[in-house]
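A look at the structure
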Amino acid sequence: MLPSVRKSGVGSRLSGNSSNTASSYQISVGVRIRPSRFPELPSSLETRHFLRPNHLMQPETTQDSMYDTLVVNDMLLKLRDNFSTSMIAYGQTGSGKTHTIFGPEGCLRPDKSIDWGLMPRLLEELLNTENISVSVSAVEVYQDLAYDLLNNSAPLTVGTKGRDQHTESMSAKMKNVKVAGPLAGQKGASSGGAHPAGCYCCYCERAKMKKQEDFKKMMAERRGEPYFGKGVDPFKDALKKKASSSSQSPNRARRSSSVDYATVGEKVQTLKDVSAILAFCRTVELSRASASHDLNERSSRSHCLVTVHVITTVGGKTTHNKCLLVDLAGSERIAKSKVEGVEKAQAIEINKSLSALGRVVKSLAAKNSHVPYRDSTLTMLLKDSFGGRASTTVVICVSGVEAHDEETVRSLQFGERLGGVRRSTVARNASVSDANLSGGKAELEERLSAMKAELEGLDAGGVDPSATNPAAIRKFEKDSKRLKALGDRLKAAEASEYDAGRKGGGDVATLRAQWTHLNDDVERVKGAVDRLTKRPFWREPSKAWQRKDREIRELEGRLSLML
Ligand SMILES: Nc1ncnc2c1ncn2[C@@H]1O[C@H](COP(=O)(O)OP(=O)(O)OP(=O)(O)O)[C@@H](O)[C@H]1O
């Protein structure tokens, strides 16, 4: 018989009702310090850095106590309250992310359970819980494209969730097409000059799409297969069918103006026992791209996203929650890892996607109205974890050795910013105790209008009437109006792009380019407005207004889940 990681208390943590039904969460941040390979070097951070994480795990912390701290006392409680949850490991290369999520190399054996990482432990605990069935899928993001790790690394498309699943991510698709040769220097009427490689203007986008179409046609001809062209794509049609059939099911995707992204069509595997868990973890580990370099002998070269589907059936009622476990590829100073060739290109792409993640977190922490999720496939797939409804725990893995101080400080700064991101997180089927959030849909809608009316009567801040800086005030008012108009145009552009993608007509590339330009404008004007609000003529909204505004957003979040 296979031994269990923990025999006592299994199951009890996931059954029963918890009183913990809060609807506003900070992302929980834990820092794990990796033991030094050279014990004579100090491995303590406390004296040198300022981040106060929710959990600080010293080098001697065992996998077991990591699990207790991060999973049992954090993740499982949220899961019990019907939240979808995420656990994300972040840090420089070699800092212990894979060790934390999977465990050290070779540990995925029944007799090595003491070394198991958080993922096999969590899966085992879930499997040992009554009334719960567990299925898993695993996706890797490599070079900004998604692949199915349970299906021989088959390429996956990234689609929008909450609308129709078939809409292919344009940015993932665009980035797939590397512009080289004459197309990279395409003459564009807009600028009148040569465009740089990677330009997203409508001319370059159209040229890239055409090149992609020609390439597909050529490959199909070489294989002796018929080519259906852009308008008639059996693959897209199949996805459309899938999307429309999923909209018939009771768990149909939420239709909302805010778009969530997900991979489409990855294999989902049901786990029945511990040996299936270990086989699954080993498959994921072995299928992922990895390489050896000066800082890590087994360095992951892709981001790995494992989704655990937790289906609970109690008294004929079934609930479905998801648990996302992410082992990010590590940020890497090429000068230190000394990689060359393919590994160097991989490192550049990893750093690029982590920078995109950094920008997302920065925007969220600064409460910007626009968050650049569409900058990379990784940020699109993590949208729900950072800006959405999932309850998220991030483990920042650091080396703690002074030689890596610069990278450590960067990772801690990332954690610090994350700590400042507050989201309204709504339990999907939880009995919410907060009086404002309980009740039927009609009742909540009525309450929402009443709250909005109350908000009107509160001090919303704004330009101080006694201020004496007419030029700045005029600029502020003009920019604010412009920002609002741009925001509306951006929404309309997004809707047109979506419609064009769905109906298969229209020039999606041009619409996408328009969206990108508008998005840049929004960012620029937003920056100008933000800077002006730091000037003395600007008054902050009153505390009562801020509180009411927060309550309204929470209620809107709750309502959007009831559609
Ligand atoms: N807490 C720890 N205790 C013991 N060994 C550890 C610990 N953390 C990491 N290690 C060891 O350090 C090495 C590098 O760790 P790991 O591969 O997990 O790093 P990583 O952050 O995933 O790196 P990359 O981003 O390059 O994939 C491994 O041999 C691992 O077993």
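Going by an unreviewed UniProt entry, the protein chain carries the name Kinesin motor domain-containing protein and comes from Triparma strigata.

Among the eleven residues that make up strand E5 (residues 132–142), ten are buried, leaving the element largely enclosed by the rest of the structure. Pairing analysis gives ten bridges linking E5 to strand E12 (residues 303–314), with the strands arranged antiparallel. Opposite Ser135, over in E12, you have His309 as the bridge partner. Of the pairings in the sheet, the one linking E5 to strand E9 (residues 269–271) comprises three bridges and is antiparallel in character. Paired with Ser135 across the strands is Thr270, a residue of E9. Note that E5 and strand E6 (residues 145–148) share four bridges and pair antiparallel. Bridge pairing in E6 places Tyr142 opposite Leu145. As consecutive antiparallel partners, E5 and E6 are separated by two residues, and within that stretch Gln143 has a phi angle of approximately 50°, a positive value.

As a further point, take the site of the ligand. The immediate surroundings of the ligand are formed by 17 residues, with Thr93, Lys97, His99, Ser299 and Ser300 found nearest. Contacts to the ligand include Thr98, whose side-chain N or O atom sits 2.8 Å from an oxygen atom. A distance of 3.0 Å separates an oxygen atom of the ligand from a polar atom in the backbone of Gly330. Calculation on the ligand without its partners gives an accessible area of 630 Å², and the protein chains cover 81% of this total. If you tally residues by element for the shell around the ligand, the top one is strand E11 (residues 296–300), at four residues. Considered class by class, the residues forming the shell around the ligand number two nonpolar, eleven polar and four charged.

Below, the discussion takes up unusual backbone geometry. Phi is positive for Gln143, close to 50°, though the residue is something other than glycine. Within the secondary structure, Gln143 sits in the loop between E5 and E6. The backbone of Asp144 shows a phi angle near 70°, a positive value even though the residue is not glycine. Along the chain, Asp144 falls in the loop between E5 and E6. With a relative accessible area of 11%, Asp144 lands in the buried category.

Attention shifts here to helix H3 (residues 118–127). Along an α-helix, a turn takes 3.6 residues, which lines up residues three or four apart on a common side. Most of H3 sits out of view: nine of its ten residues are buried. Residues Leu118, Met119, Pro120, Arg121, Leu122, Leu123, Glu124, Glu125 and Leu126 constitute the buried set of H3.

According to the stated counting rule, one finds one aromatic pair in the structure shown. Where Tyr90 meets Phe414, the ring centres are 3.8 Å apart and the plane angle is 5°; that geometry is what we call stacked. Of the two residues, Tyr90 is situated in strand E4 (residues 85–91) and Phe414 in helix H12 (residues 405–419); the sequence distance between them amounts to 324 residues. Both residues of the pair, Tyr90 and Phe414, belong to the buried class.

Now for the environment of Glu540. By the element assignment, Glu540 lies in the loop between strand E17 (538–539) and helix H16 (543–560). When the C-alpha atoms of Glu540 and Asp459 are compared, they prove to be 9.0 Å apart, with 81 residues separating the residues in sequence. Apart from the residues within four sequence positions on either side, Glu540 is in contact with Gly461 and Gln546.

Working note: a packed helix pair is described by the angle between its axes plus the distance between those axes. It is at 10 Å that the axes of H3 and helix H7 (residues 274–287) come closest, and there the two elements cross at 150°. Considering the angle they form, H3 stands roughly antiparallel to H7. Classified by chirality, the crossing of H7 by H3 is right-handed. For the pair H3 and H7, the contacting residues are Met119, Pro120, Leu123, Glu124 and Leu127 in the first and Val274, Ile277, Phe280 and Cys281 in the second. Of the residues that constitute the contact of H3 with H7, the class distribution is eight nonpolar, no polar and one charged.

Applying the stated criterion across every chain, the model contains seven salt bridges. Taking the shortest distance from any N to any O, the salt bridge between Arg288 and Asp327 comes out at 2.6 Å. Placement of the pair is Arg288 in the loop between H7 and strand E10 (290–293) and Asp327 in strand E13 (residues 317–327), with a sequence separation of 39 residues. The class for Asp327 is buried, based on a relative accessible area of 1%. Salt-bridge contacts for Lys548 lead to Glu454; the nearest nitrogen and oxygen are separated by 2.9 Å. Here Lys548 is found in helix H16, whereas its partner Glu454 is found in helix H13 (residues 441–456), with 94 residues between them in sequence.

What follows deals with the environment of Arg524. For Arg524, the position within the fold is in helix H15 (residues 508–533). Using a relative accessible area of 49% as the deciding quantity, one classes Arg524 as partly exposed.

With that settled, consider the packing of helix H9 (residues 341–365) against H12. Between H9 and H12, the least distance of the axes is 8 Å, while the angle of their chain directions is 35°. Of the two elements, H9 crosses H12, and the hand of that crossing is left-handed. For the pair H9 and H12, the contacting residues are Leu357, Gly358, Val361, Lys362 and Ala365 in the first and Phe414, Arg417 and Leu418 in the second. Tallied by class, the residues present in the contact of H9 with H12 amount to five nonpolar, one polar and two charged.

This part is about the nonpolar core. Counting residues in hydrophobic clusters, the biggest one holds 43 residues, and the most contacted among them are Met87, Met119, Leu123, Phe280, Val284, Val306 and Val308. Going through the elements one at a time, helix H1 (63–80), E4, H3, E5, H7, E12, E13 and strand E14 (391–398) are the ones with two or more residues in this core. A total of eight residues in this core trace back to one element, the largest contributor, which is H1. Not counting the four nearest positions on each side in its chain, Met87 is found in contact with Leu70, Val71, Met75, Ile101, Leu118, Leu324, Leu325, Val326, Thr393 and Val395. Core analysis: the next-biggest nonpolar cluster, separate from the first, contains 37 residues, Val29, Leu156, Leu364 and Val371 among them.

Cut-offs and rules
- Residues numbered from 1 in each chain as written.
- Predicted model: local features only at pLDDT ≥ 70, side-chain atom pairs only at ≥ 80, totals over all residues.
- Heavy atoms only, no water.
- Buried < 20%, exposed > 50% of the residue type's maximum accessible area, 1.4 Å probe, protein only.
- Helix = DSSP H or I, 4+ residues; strand = E, 2+ residues; numbered from the N terminus.
- Pairing = 2+ DSSP bridges.
- Near = heavy atom within 4 Å.
- Polar contact = N/O pair within 3.5 Å; in protein donor to acceptor, adjacent residues only side chain to side chain.
- Areas by Shrake-Rupley, 256 points an atom, 1.4 Å probe, with all protein chains shown as cover.
- Nonpolar A, V, L, I, M, F, W, Y, C, P; charged D, E, K, R; others polar.
- Phe/Tyr/Trp six-rings, centres within 6.5 Å; stacked < 30°, edge-to-face > 60°.
- Contact = heavy atoms within 4.5 Å.
- Axes fitted to C-alpha atoms, helices over the stretch in contact; angles between N-to-C directions.
- Parallel < 35°, antiparallel > 145°, perpendicular 65-115°, else oblique.
- Left-handed = near helix turned anticlockwise from the far one by under 90°.
- Salt bridge = Lys/Arg side-chain N within 4 Å of Asp/Glu carboxyl O.
- Core = buried A, V, L, I, M, F, W, Y, C linked by side-chain atoms within 4.5 Å.

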